Amino acid sequence: QVQLVESGGGLVQAGGSLTLSCAASGRTFRSYAMAWFRQAPGKEREFVAAISWSGGSTNDADSVKGRFTISRDNAKSTVYLQMNSLKPEDTAVYYCAAGTTYYPYSRYAGEYSYWGQGTQVTVSS
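Calculation rules
Residues numbered from 1 in each chain as written. Predicted model: local features only at pLDDT ≥ 70, side-chain atom pairs only at ≥ 80, totals over all residues. Heavy atoms only, no water. Disulfide = S-S within 2.5 Å. Helix = DSSP H or I, 4+ residues; strand = E, 2+ residues; numbered from the N terminus. Buried < 20%, exposed > 50% of the residue type's maximum accessible area, 1.4 Å probe, protein only. Pairing = 2+ DSSP bridges. Axes fitted to C-alpha atoms, helices over the stretch in contact; angles between N-to-C directions.

The next point concerns the state of the cysteines. Disulfide: a covalent bond connecting the sulfur atoms of a pair of cysteines. Tallied over the entire structure, the rule returns one disulfide. One disulfide bridge connects Cys22 with Cys96, the sulfur atoms lying 1.9 Å from each other. As the torsion about the S-S bond is roughly 45°, the Cys22-Cys96 disulfide counts as right-handed. With a gap of 74 residues between them, Cys22 in strand β3 (residues 18-24) and Cys96 in strand β9 (residues 92-99) connect regions that are remote in the sequence. Each of the two residues, Cys22 as well as Cys96, counts as buried.

This part is about the sheet that holds strand β1 (residues 4-7). With respect to topology, four strands assemble into an open sheet ordered β1-β3-β8-β7, the strand pairing being antiparallel. Both outer strands of the open sheet, β1 and β7 (68-73), are each paired with one neighbouring strand and no more. Going across the sheet, the axis of each strand differs from the next one's by a mean of 15°, ignoring polarity. Across four bridges, the pairing between β1 and β3 is antiparallel. Counterpart to Val5 in the pairing with β3 is Ala23.

Following this line, the structure appears as structure tokens:
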């Protein structure tokens, strides 16, 4: 069992930066691939970025390539999403997820068993 708690969301102007954190409970954090998804009002949840259990492999959605970076610290049981050059279309609730999956399947929400409650990111124009 893994419990996930996101933090770091907020209101930022276009072009600004935010770093999201997702703290996991449980001793098996390092066994899981981790990912960030987001959901904007009226839209389906979409993949943002994923990272392997070791942190050695990542993959990103095309919409965030070159702007967002996913990382993890297994010693702290935490995964991060560094978001730069934010755009109004990045506005959404951001969720972290944990699952025993791997590329290329790691971009599918159904691959993840555990989800956080989400943190709101709002980018103003």
